[in-house]
Amino acid sequence: MSKLLWQVFVVVIVLLGWFAGNHFNVFNRDVIPPMTDVAYQFIAAWARPEFLPAIWSTLSDALMGIFFAAVLAVPLGLLIGSLRAVEIATRTLLDFGRAFPVVALLPIFVLLIGANSAMKIVTIAIACFFPILLQTIYGVRRQEPVIVDTVRSFRIPHHLRFFRVLLPSALPYIATGIRIAATVSILVAVGTEVIMPVPGVGRQISVASINDEVALAFAYVIYAGFLGVILTTLWEIAEERMLPWARRTR
Amino acid sequence: MTADSNRKRLWRASPGLSLIQAWWLPIICILAWWFLSAGSKSFYFPSLETILAVLWRDLTEGPLLSYMWISLANMAAGLVISIVLGVAFGLLIGEFGQLRDALMPMLNFLRSVPPAAIVPLVIVALGTDAAPKIFIIALTCFWPILLNTIDGVRGMTPQLRDTASAFKIPYSLYFRRVLLMAALPQIMAGIRIAVAVALVLMVIGEFFGASEGLGFYINENKQRFAMTETWAGTVLIGFLGYLLSAIFVKIEAFALSWYFQSENAND
């Protein structure tokens, strides 16, 4: 109970500091707007016609991106992970792909595809592809030697081995990959919207900042934070439902 | 299993062979790109040869090399600030349980804000020069380093803490030689994430508003519809990303060599 008290205390201190900072003009209003203004915009944003479509655009595009990434990365990861020579051959390419900042491709994508949702989804999918792929490969390679030997000595047919052994044992790792992808998807979605004129929360933050509506921009930033939390929480619930037998790997 | 480990040993025995095994596919991909795009007339997909030629021209004669240093310097400054602050606060918060319990919900909330979201706010408020970009990179990299440091301190074996307190080791020595060392593997994992994120935020910051830097080079050429230059900048960033992560793996292996040795000794 005292723990909760301390946590509330910290929140109160931060809010008081914010309030006092503006009240005594320590903060520049154009950089850090008063707390009350942000609180007002936080509620008032719902009345704006662009608010819900922006939230929905970011969320649905992030989900679509994760979906396409998973559909491509999981089978490919199972394949690469189960063939040692392929795994070694692709390692350098995967290191390159993982280290590549996908947002750097945005200018090319904008010229190729145009500034629209499809472009955003492609960018998110590429960014989410690598964490899911790497976790899948890792999951396949982490199989217990006993199980591998058992499968081999009983000469279990390939398709059974794939669906009954490989996939279930790699699933917890795939789930971790998708959890990482959920965070990445929101980061890339907002990043894309901030830089390029595509609809979404990031676009609203950009527009509000440029129009000097700093309090509104702050409110959108907080909503963007919620989006990440919502997506991660949703996935954790789904994970509990689908993989109750698998202990979380992290 | 023994056959497998024998094979593994054989592979390790010949460095030339393992180099070929690791690089044949990337080389084929690059060659395929080179030959498939050769003589390309497409506006969107210039040939790799022209991309590399433009890249070389702008690196040697154009502004690209100085842009690259500016971007890397911003990144390095942001990373250093975030490492110093993240590790210092991480050790403190991790060491004192009550402090950790009180702060965690607040930290988790602040961390959940996607860092790209604050880019417009910071750049519109603070301008397009280096300081706001360093600020954005430092702020973004702070979270993974802080949270990993906290985890590292928490994961320390209780015996270490007991021994330190039994011998009445002074606090400054305890923080530097015991806590820091015990948390170092986790701290390095945090920095590894931070390096990747720093590159992303560097690009976003320079796309949004800048007058110099790699992101500016790419974005400005995109505005002019100079496709080859845009590709050249993107290729350079990809190369830098790979190089940075490869260098970091080496640094990590060096900094943690004592740790990996003791891990192996335990086997």
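Residues numbered from 1 in each chain as written. Chains lettered and ligands numbered in written order. Predicted model: local features only at pLDDT ≥ 70, side-chain atom pairs only at ≥ 80, totals over all residues. Heavy atoms only, no water.

Caption draft 1: Expanded view of the overall build of chain A. Helix and strand content of chain A: ten helices and zero strands. The helix and strand sequence of chain A, counted from the amino end, reads α-α-α-α-α-α-α-α-α-α. In terms of C-alpha radius of gyration, chain A reaches 23 Å, well past the compact-globule figure of 18 Å for 250 residues. Structurally, chain A occupies a C-alpha span of about 75 × 55 × 30 Å along its principal axes. Buried residues in chain A amount to 50% of all 250 residues. For chain A, long-range pairs separated by at least 24 residues make up 75% of all intrachain contacts whose partners lie at least 6 apart in sequence. Accessible area of chain A: about 12700 Å², with a carbon and sulfur share of 70%. Once the 19 positive and 14 negative side-chain charges of chain A are each reduced to a mean point, those two points are 13 Å apart. (Helix = DSSP H or I, 4+ residues; strand = E, 2+ residues; numbered from the N terminus. Rg over C-alpha atoms; globule rule 2.2 N^0.38 Å. Buried < 20%, exposed > 50% of the residue type's maximum accessible area, 1.4 Å probe, protein only. Contact = heavy atoms within 4.5 Å. Areas by Shrake-Rupley, 256 points an atom, 1.4 Å probe, with all protein chains shown as cover. Lys, Arg positive; Asp, Glu negative; His and termini not counted. Charge placed at Lys NZ, Arg CZ, Asp CG, Glu CD.)

Caption draft 2: Representation of the nonpolar core within the structure. Among the nonpolar cores identified, the biggest contains 130 residues, and Ile132(A) and Leu214(B) are the most heavily contacted of them. The element contributing the most residues to this core is helix H9 (residues 171–208) of chain B, with 21 residues. Leaving out residues up to four positions away in the same chain, Ile132(A) has contacts with Ile66(A), Ala69(A), Ala70(A), Ala73(A), Val74(A), Gly177(A), Ile178(A) and Ala181(A). Grouped together as the second largest cluster of nonpolar side chains are six residues, Ile93(B), Leu107(B), Phe142(B) and Trp143(B) included. (Core = buried A, V, L, I, M, F, W, Y, C linked by side-chain atoms within 4.5 Å.)

Caption draft 3: Main features of the packing of helix H1 (residues 2–23) of chain A against helix H5 (residues 97–112) of chain B. Closest axis-to-axis distance for the H1(A)/H5(B) pair is 8 Å, and the angle between their directions is 55°. Here H5(B) runs oblique to H1(A), going by the angle between their axes. Our pair here, H1(A) against H5(B), has a crossing hand that is right-handed. When H1(A) is examined against H5(B), the residues Lys3(A), Trp6(A), Gln7(A), Val10(A), Val11(A) and Val14(A) are found in contact with a partner set consisting of Asp101(B), Ala102(B), Leu103(B), Pro105(B) and Met106(B). (Axes fitted to C-alpha atoms, helices over the stretch in contact; angles between N-to-C directions. Parallel < 35°, antiparallel > 145°, perpendicular 65-115°, else oblique. Left-handed = near helix turned anticlockwise from the far one by under 90°.)

Caption draft 4: Focus on the interface of chain A and chain B. Every contact between the two is made by 48 residues of chain A and, on the other side, 49 residues of chain B. When the two sides are added together, the surface that chain A and chain B hide from each other amounts to roughly 4300 Å², 83% of it contributed by carbon and sulfur. Where chain A packs against chain B, one counts zero salt bridges. Seen at the junction of chain A and chain B, the total is two residue pairs in polar contact (both at pLDDT 80 or more). Classifying every residue of the side of chain A that touches chain B gives 37 nonpolar, seven polar and four charged. (Buried area = accessible area lost by both parts, 1.4 Å probe. Salt bridge = Lys/Arg side-chain N within 4 Å of Asp/Glu carboxyl O. Polar contact = N/O pair within 3.5 Å; in protein donor to acceptor, adjacent residues only side chain to side chain. Nonpolar A, V, L, I, M, F, W, Y, C, P; charged D, E, K, R; others polar.)

Caption draft 5: View of empty space enclosed by the protein. Residue and element names in this part refer to chain B. Per the counting criterion, the structure on display carries one cavity of 30 Å³ or more. Lining the largest cavity are Ile70, Asn74, Thr128, Asp129, Ala130, Lys133, Glu206, Ala210, Ser211, Glu212 and Gly213. Residue composition of the lining of the largest cavity, grouped by class: three nonpolar, four polar and four charged. (1 Å grid on protein atoms, 1.4 Å probe; cavity = no way out; pocket = protein on both sides within 12 Å on 5 of 7 lines; lining within 4 Å. Points joined across faces, edges and corners; volume = space filled by probe spheres on them.)

Caption draft 6: Spatial organisation of the side chain of Thr92(A). By secondary structure assignment, the location of Thr92(A) is in helix H4 (residues 84–99). Thr92(A) has contacts with Ala22(B), Trp23(B), Pro26(B) and Tyr242(B), leaving out every residue within four places of it along the chain.

Caption draft 7: Spotlight on helix H7 (residues 130–154) of chain B. Residue and element names in this part refer to chain B. With 25 residues, H7 ought to run about 36 Å at 1.5 Å a step, and its terminal C-alpha atoms sit 36 Å apart, in line with that. Approximately 30° is the largest bend angle found in H7, and it occurs at Phe142, with the proline Pro144 only one to four residues beyond. Counting buried positions over the 25 residues of H7 gives 19, a clear majority of the element. (Expected span 1.5 Å × (residues − 1). Bend = angle between axes of the 7 residues up to and from the residue.)

Caption draft 8: Looking closely at the pattern of salt bridges. For the structure on display, the rule yields twelve salt bridges over all chains. For the salt bridge of Glu87(A) with Arg141(A), the shortest nitrogen-to-oxygen distance reads 3.8 Å. Separated by 54 residues along the polypeptide, Glu87(A) in helix H4 and Arg141(A) in helix H6 (residues 117–141) bring together distant segments of the chain. Under the relative-accessibility criterion, Glu87(A) is labelled buried at 10%. Arg141(A) gets classed as partly exposed once you look at its relative accessible area, which sits at 37%. A salt bridge links Arg161(B) to Glu95(B); its shortest N-O distance comes to 3.3 Å. In this pair, Arg161(B) is assigned in helix H8 (residues 158–166) and Glu95(B) in helix H4 (residues 64–95), connecting sequence segments 66 residues apart.

Caption draft 9: Region of the structure containing the packing of H9(B) against helix H10 (residues 214–223) of chain B. Residue and element names in this part refer to chain B. With their axes 7 Å apart at the nearest point, H9 and H10 run at an angle of 50° to one another. Viewed along their axes, H9 and H10 adopt a mutual orientation that is oblique. As for the relative orientation of H9 and H10, their crossing is right-handed in sense. Contact with H9, carried on its side by Met202, Glu206 and Phe207, involves Leu214, Gly215, Phe216, Ile218 and Asn219 of H10 and no other residues of that element. By residue class, the composition of the contact of H9 with H10 is five nonpolar, two polar and one charged.

Caption draft 10: Representation of the layout of surface pockets. Residue and element names in this part refer to chain B. Empty space within the second largest pocket amounts to approximately 1200 Å³. Among the elements that line the lining of the second largest pocket, the one with the most residues is helix H11 (residues 227–255), at eight residues. Grouping the amino acids of the lining of the second largest pocket by side-chain chemistry returns 27 nonpolar, five polar and no charged.

Caption draft 11: Examining the packing of aromatic side chains more closely. Applying the stated criterion to the full structure yields 26 aromatic pairs over all chains. Note on Phe51(A) and Tyr223(A): the rings are 4.9 Å apart at their centroids and 65° apart in plane angle, and the pair reads as edge-to-face. Placement of the pair is Phe51(A) in helix H3 (residues 51–82) and Tyr223(A) in helix H10 (residues 214–242), with a sequence separation of 172 residues. By relative accessible area, which is 1% here, Phe51(A) ends up buried. Ring geometry for Phe142(B) and Trp143(B): centres 5.2 Å apart, planes at 70°, overall edge-to-face. Each member of the pair Phe142(B) and Trp143(B) is classed as buried. Ring-pair connections join several aromatic residues into one group, and the members of that group are Phe42(A), Trp46(A), Phe51(A), Tyr220(A), Tyr223(A), Phe226(A) and Phe109(B). (Phe/Tyr/Trp six-rings, centres within 6.5 Å; stacked < 30°, edge-to-face > 60°.)

Caption draft 12: Molecular detail of the domain arrangement of chain A. Annotation of chain A at the domain level lists domain 1 (1–32) and domain 2 (38–242). A separation of 34 Å is found between the C-alpha centroids of domain 1 of chain A and domain 2 of chain A. (Domains from an automatic or database assignment.)

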